[in-house]
Amino acid sequence: MHLDRFSAIIFDCDGVLVDSEALGLDDSVAFLKSRGFTWEAPDLIRIFTGYRDDIFRQKLEDAYIEIHGQKPDNTLFEGLIETRRRNKHKLKAIAGAEPFLQSLRNQHPNLAIGVASSSRTPLLTSKLERTGLWDLLAPHIYSADRVAEGKPAPDVFLYAAEKLGIDPGACLVLEDSTQGIKAGLAAGMTVWGFTGGSHCFDGHAETLIDAGAERIVNGFAELDRLILGKAV
(Lines give C-alpha, C1' and ligand atoms only; values in the text may rest on other atoms or scores of the structure.)
Protein backbone atom coordinates (compact mmCIF):
# COMPACT_ATOMS: atom_id res chain seq x y z
CA MET A 1 0.00 0.00 0.00
CA HIS A 2 1.46 3.34 -1.02
CA LEU A 3 0.58 6.77 0.34
CA ASP A 4 -0.47 8.03 -3.10
CA ARG A 5 -4.11 7.59 -2.06
CA PHE A 6 -3.83 9.88 0.93
CA SER A 7 -2.70 13.40 1.75
CA ALA A 8 -3.37 13.06 5.49
CA ILE A 9 -3.65 10.47 8.23
CA ILE A 10 -5.98 11.23 11.12
CA PHE A 11 -5.64 9.10 14.25
CA ASP A 12 -8.14 8.51 16.99
CA CYS A 13 -6.35 8.72 20.34
CA ASP A 14 -7.77 6.29 22.90
CA GLY A 15 -7.17 2.71 21.83
CA VAL A 16 -5.15 3.73 18.77
CA LEU A 17 -2.31 5.92 20.05
CA VAL A 18 -2.60 5.32 23.78
CA ASP A 19 -3.69 2.08 25.44
CA SER A 20 -6.29 3.73 27.63
CA GLU A 21 -9.53 1.88 26.92
CA ALA A 22 -8.66 -1.12 29.10
CA LEU A 23 -7.35 0.95 32.03
CA GLY A 24 -9.41 0.21 35.12
CA LEU A 25 -11.81 -1.90 33.10
CA ASP A 26 -12.19 -4.64 35.72
CA ASP A 27 -12.59 -2.00 38.43
CA SER A 28 -15.25 -0.31 36.32
CA VAL A 29 -17.14 -3.58 35.92
CA ALA A 30 -17.08 -4.08 39.70
CA PHE A 31 -18.22 -0.50 40.33
CA LEU A 32 -21.19 -0.87 37.98
CA LYS A 33 -22.16 -4.28 39.32
CA SER A 34 -22.39 -2.73 42.78
CA ARG A 35 -25.04 -0.44 41.31
CA GLY A 36 -27.14 -3.13 39.66
CA PHE A 37 -25.53 -3.50 36.24
CA THR A 38 -24.67 -6.92 34.83
CA TRP A 39 -22.16 -5.83 32.19
CA GLU A 40 -18.80 -7.53 31.75
CA ALA A 41 -15.66 -5.92 30.31
CA PRO A 42 -16.44 -6.67 26.64
CA ASP A 43 -19.90 -5.15 27.12
CA LEU A 44 -18.41 -1.86 28.36
CA ILE A 45 -16.10 -1.71 25.36
CA ARG A 46 -18.92 -2.50 22.94
CA ILE A 47 -21.42 -0.05 24.45
CA PHE A 48 -19.27 2.95 25.31
CA THR A 49 -16.00 3.08 23.35
CA GLY A 50 -15.63 6.09 21.09
CA TYR A 51 -18.27 8.33 22.62
CA ARG A 52 -17.77 11.86 23.91
CA ASP A 53 -18.41 12.29 27.64
CA ASP A 54 -21.88 13.81 27.22
CA ILE A 55 -23.10 10.90 25.11
CA PHE A 56 -21.35 8.38 27.38
CA ARG A 57 -23.10 9.87 30.40
CA GLN A 58 -26.52 9.86 28.74
CA LYS A 59 -26.21 6.23 27.66
CA LEU A 60 -25.12 5.24 31.17
CA GLU A 61 -28.02 7.08 32.77
CA ASP A 62 -30.51 5.60 30.30
CA ALA A 63 -29.29 2.10 31.16
CA TYR A 64 -29.62 2.85 34.88
CA ILE A 65 -33.19 4.07 34.39
CA GLU A 66 -34.01 0.89 32.48
CA ILE A 67 -32.73 -1.20 35.41
CA HIS A 68 -34.00 0.83 38.36
CA GLY A 69 -36.89 2.86 36.98
CA GLN A 70 -35.41 6.14 38.14
CA LYS A 71 -32.65 8.56 37.21
CA PRO A 72 -29.31 8.10 39.02
CA ASP A 73 -27.64 10.81 41.03
CA ASN A 74 -24.30 12.32 40.01
CA THR A 75 -22.31 9.70 41.90
CA LEU A 76 -22.90 7.13 39.14
CA PHE A 77 -21.09 8.89 36.30
CA GLU A 78 -18.58 10.70 38.48
CA GLY A 79 -17.83 7.53 40.43
CA LEU A 80 -17.22 5.55 37.26
CA ILE A 81 -14.90 8.22 35.88
CA GLU A 82 -12.98 8.39 39.16
CA THR A 83 -12.65 4.59 39.18
CA ARG A 84 -10.95 4.76 35.79
CA ARG A 85 -8.85 7.78 36.76
CA ARG A 86 -7.26 5.89 39.63
CA ASN A 87 -5.45 3.79 37.01
CA LYS A 88 -4.12 6.66 34.89
CA HIS A 89 -0.56 6.15 36.14
CA LYS A 90 -0.54 2.87 34.19
CA LEU A 91 -1.14 4.58 30.85
CA LYS A 92 1.23 3.67 28.02
CA ALA A 93 1.43 4.36 24.32
CA ILE A 94 0.18 1.58 22.07
CA ALA A 95 3.14 -0.67 21.26
CA GLY A 96 5.02 0.65 18.24
CA ALA A 97 3.20 4.00 18.05
CA GLU A 98 6.23 6.18 18.79
CA PRO A 99 8.68 4.61 16.30
CA PHE A 100 5.98 4.51 13.63
CA LEU A 101 5.21 8.21 14.03
CA GLN A 102 8.90 9.08 14.01
CA SER A 103 9.42 7.12 10.77
CA LEU A 104 6.32 8.67 9.23
CA ARG A 105 7.56 12.19 10.02
CA ASN A 106 11.04 11.43 8.69
CA GLN A 107 10.07 9.58 5.53
CA HIS A 108 6.98 11.60 4.56
CA PRO A 109 7.47 15.15 5.84
CA ASN A 110 4.77 16.50 3.51
CA LEU A 111 2.08 14.12 4.75
CA ALA A 112 -0.41 15.89 7.03
CA ILE A 113 -0.92 14.19 10.41
CA GLY A 114 -3.75 14.88 12.83
CA VAL A 115 -5.61 13.53 15.85
CA ALA A 116 -9.41 13.61 16.21
CA SER A 117 -10.51 12.34 19.60
CA SER A 118 -13.62 12.11 21.75
CA SER A 119 -11.53 12.87 24.86
CA ARG A 120 -11.89 16.34 26.31
CA THR A 121 -9.03 18.68 25.44
CA PRO A 122 -7.27 18.66 28.85
CA LEU A 123 -7.35 14.85 29.01
CA LEU A 124 -6.30 14.47 25.40
CA THR A 125 -3.32 16.76 25.97
CA SER A 126 -2.36 14.97 29.18
CA LYS A 127 -2.49 11.49 27.62
CA LEU A 128 -0.33 12.39 24.65
CA GLU A 129 2.18 14.32 26.74
CA ARG A 130 2.51 11.56 29.35
CA THR A 131 3.10 8.92 26.69
CA GLY A 132 5.64 11.02 24.82
CA LEU A 133 3.57 11.29 21.64
CA TRP A 134 2.55 14.96 21.73
CA ASP A 135 5.56 16.37 19.88
CA LEU A 136 5.21 13.76 17.14
CA LEU A 137 1.58 14.75 16.49
CA ALA A 138 1.31 18.46 17.28
CA PRO A 139 -0.05 20.91 16.33
CA HIS A 140 -3.09 19.26 14.74
CA ILE A 141 -4.58 17.58 17.82
CA TYR A 142 -8.31 18.12 18.14
CA SER A 143 -10.97 17.13 20.66
CA ALA A 144 -14.65 16.65 19.89
CA ASP A 145 -15.37 19.27 22.55
CA ARG A 146 -14.56 21.80 19.80
CA VAL A 147 -17.51 20.75 17.66
CA ALA A 148 -21.28 20.52 17.96
CA GLU A 149 -21.71 16.75 17.78
CA GLY A 150 -19.46 13.94 18.95
CA LYS A 151 -18.81 10.65 17.16
CA PRO A 152 -20.58 8.92 15.37
CA ALA A 153 -21.30 12.34 13.86
CA PRO A 154 -18.52 13.38 11.45
CA ASP A 155 -17.92 16.82 13.00
CA VAL A 156 -14.54 16.26 14.64
CA PHE A 157 -13.06 14.59 11.55
CA LEU A 158 -14.32 17.35 9.29
CA TYR A 159 -12.92 19.91 11.71
CA ALA A 160 -9.52 18.19 11.67
CA ALA A 161 -9.48 18.02 7.86
CA GLU A 162 -10.36 21.71 7.64
CA LYS A 163 -7.54 22.65 10.02
CA LEU A 164 -5.13 20.40 8.11
CA GLY A 165 -6.22 21.99 4.85
CA ILE A 166 -6.91 18.59 3.29
CA ASP A 167 -10.01 17.43 1.41
CA PRO A 168 -11.81 14.78 3.51
CA GLY A 169 -11.70 12.34 0.60
CA ALA A 170 -7.89 12.39 0.76
CA CYS A 171 -7.78 11.51 4.48
CA LEU A 172 -7.11 8.09 6.01
CA VAL A 173 -8.59 7.53 9.47
CA LEU A 174 -7.35 4.98 12.03
CA GLU A 175 -10.11 4.03 14.47
CA ASP A 176 -10.75 1.36 17.09
CA SER A 177 -14.48 1.93 17.73
CA THR A 178 -17.66 1.51 15.73
CA GLN A 179 -18.56 5.12 16.59
CA GLY A 180 -15.28 6.33 15.13
CA ILE A 181 -15.63 4.16 12.04
CA LYS A 182 -19.09 5.59 11.38
CA ALA A 183 -17.88 9.15 12.00
CA GLY A 184 -14.97 8.82 9.58
CA LEU A 185 -17.17 7.34 6.88
CA ALA A 186 -19.78 10.05 7.38
CA ALA A 187 -16.99 12.58 6.85
CA GLY A 188 -16.22 10.99 3.47
CA MET A 189 -12.87 9.57 4.56
CA THR A 190 -11.23 6.16 4.14
CA VAL A 191 -11.35 4.36 7.49
CA TRP A 192 -9.24 1.46 8.70
CA GLY A 193 -10.12 -0.41 11.86
CA PHE A 194 -7.29 -0.67 14.38
CA THR A 195 -7.12 -3.61 16.79
CA GLY A 196 -3.73 -3.08 18.44
CA GLY A 197 -5.13 -2.03 21.82
CA SER A 198 -5.44 -4.35 24.80
CA HIS A 199 -9.21 -3.73 24.90
CA CYS A 200 -9.84 -5.52 21.60
CA PHE A 201 -11.61 -8.69 22.65
CA ASP A 202 -12.55 -11.60 20.38
CA GLY A 203 -14.80 -10.43 17.58
CA HIS A 204 -13.66 -6.80 17.73
CA ALA A 205 -12.23 -6.84 14.21
CA GLU A 206 -15.44 -8.28 12.81
CA THR A 207 -17.42 -5.56 14.59
CA LEU A 208 -15.30 -2.86 12.96
CA ILE A 209 -15.67 -4.45 9.53
CA ASP A 210 -19.44 -4.59 10.05
CA ALA A 211 -19.36 -0.88 10.91
CA GLY A 212 -17.75 -0.18 7.53
CA ALA A 213 -13.97 -0.29 8.02
CA GLU A 214 -12.19 -0.84 4.71
CA ARG A 215 -9.65 -3.15 6.33
CA ILE A 216 -8.32 -4.16 9.75
CA VAL A 217 -4.84 -3.25 10.99
CA ASN A 218 -3.81 -5.32 14.00
CA GLY A 219 -1.02 -3.06 15.24
CA PHE A 220 1.69 -0.59 14.33
CA ALA A 221 3.98 -3.26 12.90
CA GLU A 222 1.37 -4.01 10.26
CA LEU A 223 0.62 -0.31 9.76
CA ASP A 224 4.32 0.28 9.22
CA ARG A 225 4.35 -2.30 6.43
CA LEU A 226 1.22 -0.91 4.82
CA ILE A 227 1.99 2.79 5.04
CA LEU A 228 5.75 2.90 4.75
CA GLY A 229 5.79 0.66 1.71
CA LYS A 230 7.20 -2.62 2.98
CA ALA A 231 5.82 -5.84 1.56
CA VAL A 232 2.96 -7.49 3.40
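Attention now moves to the sheet that holds strand S6 (residues 216-217). Taken together, six strands build an open sheet; the order of strands is S3-S2-S1-S4-S5-S6 and the sheet is parallel. At either end of the open sheet lies a strand with only one pairing partner, and these are strand S3 (141-143) and S6. The sheet contact formed by strand S4 (residues 171-175) and strand S5 (residues 190-194) spans four bridges and is parallel. Each residue of the ladder has a partner; that of Leu 172, found in S5, is Thr 190.

A separate point is helix H8 (residues 155-164). Buried within H8 are the following residues: Val 156, Phe 157, Tyr 159, Ala 160, Ala 161 and Leu 164. The inward-facing, buried residues of H8 contact strand S1 (8-11), strand S2 (112-117), S3, S4 and helix H9 (178-186). Of the residues trailing H8, Gly 165 is marked for its positive phi of about 75 degrees.

Here we take up helix H10 (residues 204-211). Taken together, the buried positions of H10 are occupied by His 204, Leu 208 and Ala 211. Along H10, the residues classed as buried sweep out an arc of 60 degrees about the axis, all on the same side. Elements that come into contact with the buried residues of H10 comprise helix H2 (41-48), S4, H9, S5 and S6. Looking one or two places after H10, you find Gly 212, whose phi comes out positive at around 120 degrees.

As a further point, take the side chain of Asp 14. Within the fold, Asp 14 resides in the loop between S1 and helix H1 (25-33). Judged by its relative accessible area of 9%, Asp 14 falls in the buried class. Polar side-chain contacts of Asp 14 include one of 2.7 Å to the side chain of Lys 127. Discounting residues that sit within four places of it in the chain, Asp 14 has contacts with Ser 20, Glu 21, Ser 117, Ser 119, Lys 127 and Asp 176.

Calculation notes
Residues numbered from 1 in each chain as written. Predicted model: local features only at pLDDT ≥ 70, side-chain atom pairs only at ≥ 80, totals over all residues. Heavy atoms only, no water. Pairing = 2+ DSSP bridges. Helix = DSSP H or I, 4+ residues; strand = E, 2+ residues; numbered from the N terminus. Buried < 20%, exposed > 50% of the residue type's maximum accessible area, 1.4 Å probe, protein only. Contact = heavy atoms within 4.5 Å. Arc of directions from axis to C-beta. Polar contact = N/O pair within 3.5 Å; in protein donor to acceptor, adjacent residues only side chain to side chain.

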